[in-house]
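Next come the chains, spelled out residue by residue.
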Amino acid sequence: MPDASEQEFVEYFSARLPMLQRLAYSLCGDGDEADDLVQEAATRLFQRWSRASRADHIDAYVRAVVVRLFLDSRRKGWWRIRLFAAPPDARHAYDGGVEDRTVLRAALAQVPPRQRAVLVLRFLHDLPVDEVARTMGCSAGTVKSQTAHGLAAMRRLLDGADLVETTKGAAR
């Protein structure tokens, strides 16, 4: 890759890094795994930068890479391997909604991976159905049905949870 193209990649990826980290963390719920997903996405994007940089919607392309890497990792099953009994030094954020976020993340982690990906893209990243379908490589109808099934699963999992209602009422 020529130096100018490499610099263009670095500038693009550096600007999108926070968004990609949020997406990856929303999908997998683990900071280290999210970092791994983003790193793998960066590697793949770097390898294909000459083609990817010409895409009409490069952000959508990169989101699709992250989501597909997440789904592939769930198929491979490596995430089930535990080297330690408990994670070292868990990080904690201290603000008013910590308990609700913790409950929601725990429930989201129990939803099947494709449904989780749809819920994250639709509701946490506020993407329209058609863009989620392109990102995941499926039809809009599949996105809608996965959304319905994922929301039903979340409702079952959160039934009885004492969450603070949001302005949209989407917490439960």
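What comes next is a walk through the structure. (Residues numbered from 1 in each chain as written. Predicted model: local features only at pLDDT ≥ 70, side-chain atom pairs only at ≥ 80, totals over all residues. Heavy atoms only, no water.)

1. Things to note about the side chain of Gln115
So the rule is basically this: Helix and strand labels come from DSSP, where a helix needs a run of H or I of at least four residues and a strand needs a run of E of at least two; each type is numbered from the N terminus. Residue contacts are defined here by distance: any two heavy atoms, one from each residue, within 4.5 Å place the two residues in contact.
Among the structural elements, Gln115 can be located in helix H6 (residues 113-124). Sequence-distant contacts of Gln115, that is, excluding residues within four places in its chain, are made with Gln146, His149, Gly150 and Ala153.

2. A few points about the packing of aromatic side chains
Inclusion rule: Under the pairing criterion, centres of Phe, Tyr and Trp rings, with the six-membered ring standing for Trp, must be within 6.5 Å; the plane angle then separates stacked pairs below 30 degrees from edge-to-face pairs above 60, leaving the rest tilted. For each residue, the accessible area found with a 1.4 Å probe, counting protein chains only, is set against the maximum for its type, and the residue is called buried under 20%, exposed over 50%, and partly exposed in between.
In total, this model carries four aromatic pairs according to the counting rule given. Measuring from centroid to centroid gives 5.1 Å for Phe9 and Phe46, while their planes differ by 70°, and the two rings are edge-to-face. Residue Phe9 is located in helix H1 (residues 3-28), and its partner Phe46 is located in helix H2 (residues 31-47); the two are separated by 37 residues in the primary sequence. Centre to centre, the rings of Tyr12 and Trp49 are 5.5 Å apart; their planes meet at 40°, and the pair counts as tilted. With Tyr12 in helix H1 and Trp49 in helix H3 (residues 49-52), this pair connects stretches of sequence that are 37 residues apart. Across the pair, Trp49 and Tyr12 agree in class, each one buried.

3. Here's the deal with helix H8 (residues 140-158)
Put simply, the test is: Expected helix span is taken as 1.5 Å per residue step, with the number of steps being one fewer than the number of residues. In this description, one arc is meant: the one made by directions from the helix axis to the C-beta atoms.
For H8, spanning 19 residues, the distance from its first C-alpha to its last is 26 Å, which sits close to the expected 27 Å at 1.5 Å a residue. Listed in full, the buried residues belonging to H8 are Val143, Gln146, Thr147, Gly150, Ala153, Met154 and Leu158. In a view along the axis of H8, the buried residues occupy a sector of 135°, so they form one face of it. Counted as exposed and oriented over 90 degrees from the buried face of H8: Lys144 and Arg156. Where H8 is buried, its residues meet helix H5 (98-110), H6 and helix H7 (129-136). Looking one or two places after H8, you find Gly160, whose phi comes out positive at around 90°.

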